[in-house]
There are 2 protein chains.
Amino acid sequence: MTDRPDVAPVDDSNPLIRKLDHARILTDGDRAALREVCRHSRAVEAGWDVIKEGEGSQNVYLVLDGMACHYKLLSEGARAITGLLLPGDLCGLHGAILGKASHSAATLSACTLVEISETVINDLTQKHPNIARAFWWEMLVNEATLREWLTGLGRRDGMTRMAHLFCELLLRLQVVGRAEDNSFAFPLTQGDLADVLGLTSVHVNRVVQDLRKAELIVLDRRWITMLDVDRLRQLCSFDPSYLHLSGRMM
Amino acid sequence: MTDRPDVAPVDDSNPLIRKLDHARILTDGDRAALREVCRHSRAVEAGWDVIKEGEGSQNVYLVLDGMACHYKLLSEGARAITGLLLPGDLCGLHGAILGKASHSAATLSACTLVEISETVINDLTQKHPNIARAFWWEMLVNEATLREWLTGLGRRDGMTRMAHLFCELLLRLQVVGRAEDNSFAFPLTQGDLADVLGLTSVHVNRVVQDLRKAELIVLDRRWITMLDVDRLRQLCSFDPSYLHLSGRMM
DNA sequence: CGTTAAGTTGACACGACTCAAAGGCGGTGG
DNA sequence: CCACCGCCTTTGAGTCGTGTCAACTTAACG
């Protein structure tokens, strides 16, 4: 066993390990430690609050299955979703350093989560420098994604924003083995999508139909198929480099 | 000299030290080390590229004076500003870990910058655990701010967005001693502001005038005065907790 | 089946964009 | 010191993307 990260193994059912392997971050020892931490997971239904704004939980949560989100509620009751948490994504890393959370997180579908205590996190990062580095990597990719979303909300129209989101999700889900070549389970309602894209659900519905008419997507029964990934990418000038997926796919 | 952070000293002209002191992070030793790093600064004019998308600089930059921004260019030529860098703000912390930058940074006014090499950063974080922690803190507050902006672009109208931005900047600048009670130097053109707020410069102009007519702000010669901070805050339901300024002001 | 949440549709309103032109401020050079 | 020039700000008129409200249809589930 070496201290240098290995080439990723062909397959791993743990989405966090898959993701970090994709970035060539882990050693065998790191992988074993992560697997150990994930032995006890927990199933929760859709709509479960993972993190509540204003509270100071020190725990970190790892999504093993399902989709969750970061969100903020405005005083008028509107909701803005500021990030989607897919299998392999962590949330709550800020807790220990910042104290009170300034935003919330909740599940958008039934999810399998691992709850990791601050102690375990500290232990993990102290014994496994690669994992500490991986957390930095995770944070930074998150930040880059946030900036991409911000760019979209500021400068892209509804259709382009939606196309861009689908392109992003396809890649992120493929990395963790949760998407086929051009399709994946998509549990969000159109209302949820509206809160991601900064639109109303009525308008989201219209945009979805436009994409259907253009024969770019099929979206039905919580499953999306992208009929022409290339054309969809062109439509929104999708450039995946912000996801830092290092070569292999693109 | 202790390892535990001290209560902040009354005054420090170094904006980074002021900011971190505000969060009660540093010891005397940490402060001295940071001051040493900042001994060699560099003046650059407005429009200077600090970080270019796609390039892999490992350097970190600290703004001592002036304003800069993170931005992305869309294929159609539009620009989205995804963050404002004020005195005391760092940029480029991602370089060493992620490699190629997925966004750019540039100065929006004449600036004084400190260029810090990866070696110095590594040295600093290894010898001063509080500074390492401070970088995490910085990253996480950045992330929280990004989420707040995303919320605004998604769910607030132009006027509210602008009011919110001014409230945020007032606080952030006060922390580093670059703002009076209710006013500060604001070097951005209305075009720059438009790229921050996701509007056009024409519409920004109209919103500025609405705020003027409501006697909420005076904006003239690159200087802004907020005539009624409370009312401005009410207008946009400003809640500063995302900035994690820990008590003192608010 | 009955009930409820989600998706769909239409008519209308409004915020923000576009294009285009005019006015102001700050620098520069004659 | 004034005339000029470029960049920024301001204004108007018309258009378009998106929001609102409200009704109706379809899917999901016990």
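Scroll up to find the structure.
Residues numbered from 1 in each chain as written. Chains lettered and ligands numbered in written order. Predicted model: local features only at pLDDT ≥ 70, side-chain atom pairs only at ≥ 80, totals over all residues.

Undergrad: Mind laying out the overall build of chain A, listing which residues take part and the relevant values?
TA: Each helix and strand counted, chain A has 9 helices and 11 strands in total. Taking 250 residues into account, the globule formula puts the C-alpha radius of gyration at 18 Å, and chain A, at 18 Å, falls close to it. Based on the C-alpha atoms only, the size of chain A along its principal axes is roughly 55 × 40 × 30 Å. Across the 250 residues in chain A, those meeting the buried criterion constitute 46%. Sequence separation of at least 24 residues holds for 71% of the intrachain contacts in chain A that already meet a minimum separation of 6. (Helix = DSSP H or I, 4+ residues; strand = E, 2+ residues; numbered from the N terminus. Rg over C-alpha atoms; globule rule 2.2 N^0.38 Å. Buried ≥ 20, exposed ≤ 12 C-beta atoms within 10 Å, placed from the backbone. Contact = placed C-beta atoms within 7 Å.)

Undergrad: I'd like a rundown of the sheet that holds strand β11 (residues 223–226) of chain A, residues and numbers included.
TA: Residues and elements named next belong to chain A. Strand order in this open sheet of 3 strands is β9-β11-β10, and the pairing throughout is antiparallel. Looking at strand neighbours, the two that pair on one side only are β9 (183–185) and β10 (217–220), the edges of this open sheet. Direction aside, neighbouring strands of the sheet carry axes that sit 10 degrees apart on average. (Pairing = 2+ DSSP bridges. Axes fitted to C-alpha atoms, helices over the stretch in contact; angles between N-to-C directions.)

Undergrad: For the protein's contact with DNA strand D, give the residues involved together with the corresponding values.
TA: Around DNA strand D, 16 residues are found, and the nearest of them are Asp-157, Gly-158 and His-203 of chain A together with Thr-189 and Gln-190 of chain B. Of all elements in the fold, only α8 (201–213) of chain A together with α7 (190–197) and α8 (201–213) of chain B reach the threshold of two or more residues within the surface near DNA strand D. Ranked by the residues each element gives to the surface near DNA strand D, the list is headed by α8 of chain B, at 6 residues. Here the surface near DNA strand D is built from residues that sort into 4 nonpolar, 9 polar and 3 charged. (Near = placed C-beta within 6 Å. Nonpolar A, V, L, I, M, F, W, Y, C, P; charged D, E, K, R; others polar.)

Undergrad: Which residues make up the protein's contact with DNA strand C, and what values do they have?
TA: Inspection of the region around DNA strand C gives 16 residues, with Thr-189 and Gln-190 of chain A together with Asp-157, Gly-158 and His-203 of chain B positioned closest. Those elements giving two or more residues to the surface near DNA strand C turn out to be α7 (190–197) and α8 of chain A together with α8 of chain B. Its residues placed into classes, the surface near DNA strand C shows 4 nonpolar, 9 polar and 3 charged.

Undergrad: Please provide a residue-by-residue account of the sheet that holds strand β7 (residues 104–107) of chain B, values included.
TA: Residues and elements named next belong to chain B. If you trace the 4 strands from one edge of the open sheet to the other, you get β2-β7-β4-β5, paired in antiparallel fashion. Bordering the open sheet on either side are β2 (49–51) and β5 (79–85), each of which pairs with just one other strand. Mean inter-strand twist for the sheet, computed between neighbouring axes without regard to direction, equals 35 degrees.

Undergrad: Describe unusual backbone geometry, with residues and values.
TA: Residue and element names in this part refer to chain A. Residues other than glycine seldom take positive phi values, yet Arg-221 does so here, at roughly 50 degrees. With respect to the element layout, Arg-221 can be found in the loop between β10 and β11. Backbone geometry at Arg-222 places phi at a positive 60 degrees, although glycine is not the residue there. Checked against the element boundaries, Arg-222 lands in the loop between β10 and β11. With 11 C-beta atoms packed within 10 Å, Arg-222 lands in the exposed category.

Undergrad: Talk me through the relation of the copies chain B and chain A; I want residue IDs and the actual numbers.
TA: The relation between the two chain copies is a rotation about an axis coupled with a shift along that axis. For these two chains of identical sequence, chain B goes onto chain A by a turn of 180 degrees and a shift of 0.0 Å along the axis, with RMSD 0.0 Å. Accordingly, the operation relating the two chain copies is best matched by a two-fold axis. (Least-squares fit on C-alpha atoms with pLDDT ≥ 70 in both.)

Undergrad: Go over the pairing of strand β4 (residues 68–73) of chain A, please, and point to the residues and values.
TA: All names here are of chain A. Most of β4 sits inside the fold, with 5 of its 6 residues counted as buried. Between the antiparallel neighbours β4 and strand β5 (residues 79–85) lie 5 residues, among them Gly-77 with a positive phi of about 100 degrees. Where β4 and strand β7 (residues 104–107) come together, 4 bridges link them in antiparallel fashion. Note that in β7 the partner of His-70 across the bridge is Ala-105.

Undergrad: Quick rundown of the pairing of β7 of chain B? Include the residues and the values.
TA: The pairing of β2 of chain B with β7 of chain B spans 2 bridges and is classified as antiparallel. The partner of Asp-49 of chain B across the bridge, within β7 of chain B, is Ala-106 of chain B.

Undergrad: Residue-level account of the interface of chain B and chain A, with values.
TA: Each partner contributes to the interface: chain B provides 34 residues, whereas chain A provides 34 residues. The set of elements that each furnish at least two residues to the side of chain B that touches chain A consists of β4 (68–73), β5, α3 (95–98) and α5 (129–155) of chain B. At 16 residues, α5 of chain B tops the list of elements feeding residues into the side of chain B that touches chain A. Of the residues contributing to the side of chain B that touches chain A, the split by class is 15 nonpolar, 13 polar and 6 charged.

Undergrad: Any chance you could break down the environment of Ser-13 of chain A for me, citing the residues and the numbers?
TA: Residue and element names in this part refer to chain A. Looking at the secondary structure, you find Ser-13 in the segment before α1 (15–22). Given 12 C-beta atoms within a 10 Å radius, Ser-13 is considered exposed. Considering only alpha carbons, one finds Ser-13 and Arg-178, 165 residues apart in sequence, at a separation of 9.8 Å.

Undergrad: Provide a residue-level description of helix α2 (residues 28–37) of chain A, including the pertinent values.
TA: All names here are of chain A. For α2, the set of buried residues is Asp-30, Arg-31, Leu-34 and Val-37. Seen along its axis, α2 keeps its buried residues to an arc of 120 degrees; they face one direction. Of the residues in α2, the exposed ones pointing more than 90 degrees away from the buried face are Asp-28 and Glu-36. Packing partners of the buried residues in α2 comprise α1, β8 (111–116), α4 (118–127) and α5 (129–155). (Arc of directions from axis to C-beta.)

Undergrad: Let's hear about α7 of chain A: which residues, and what values?
TA: Residue and element names in this part refer to chain A. In terms of burial, α7 is a largely internal element, 6 of the 8 residues being buried. Among the residues making up α7, those that are buried are Asp-192, Leu-193, Ala-194, Asp-195, Val-196 and Leu-197. Packed against the buried residues of α7 are β4, β5, α6 (158–175) and α8. Note on α7: the residue one or two positions beyond its end, Gly-198, has a positive phi of about 70 degrees.

Undergrad: Let's hear about the environment of Met-67 of chain A: which residues, and what values?
TA: Residue and element names in this part refer to chain A. Of note, Met-67 is situated in the loop between β3 (60–65) and β4. Remark: the alpha-carbon pair of Met-67 and Ala-185, spanning 118 residues in sequence, is separated by 9.8 Å. With residues up to four places along the chain from it excluded, the contact list for Met-67 reads Leu-84, Leu-85, Leu-86, Leu-108, Ser-109, Pro-187 and Leu-188.

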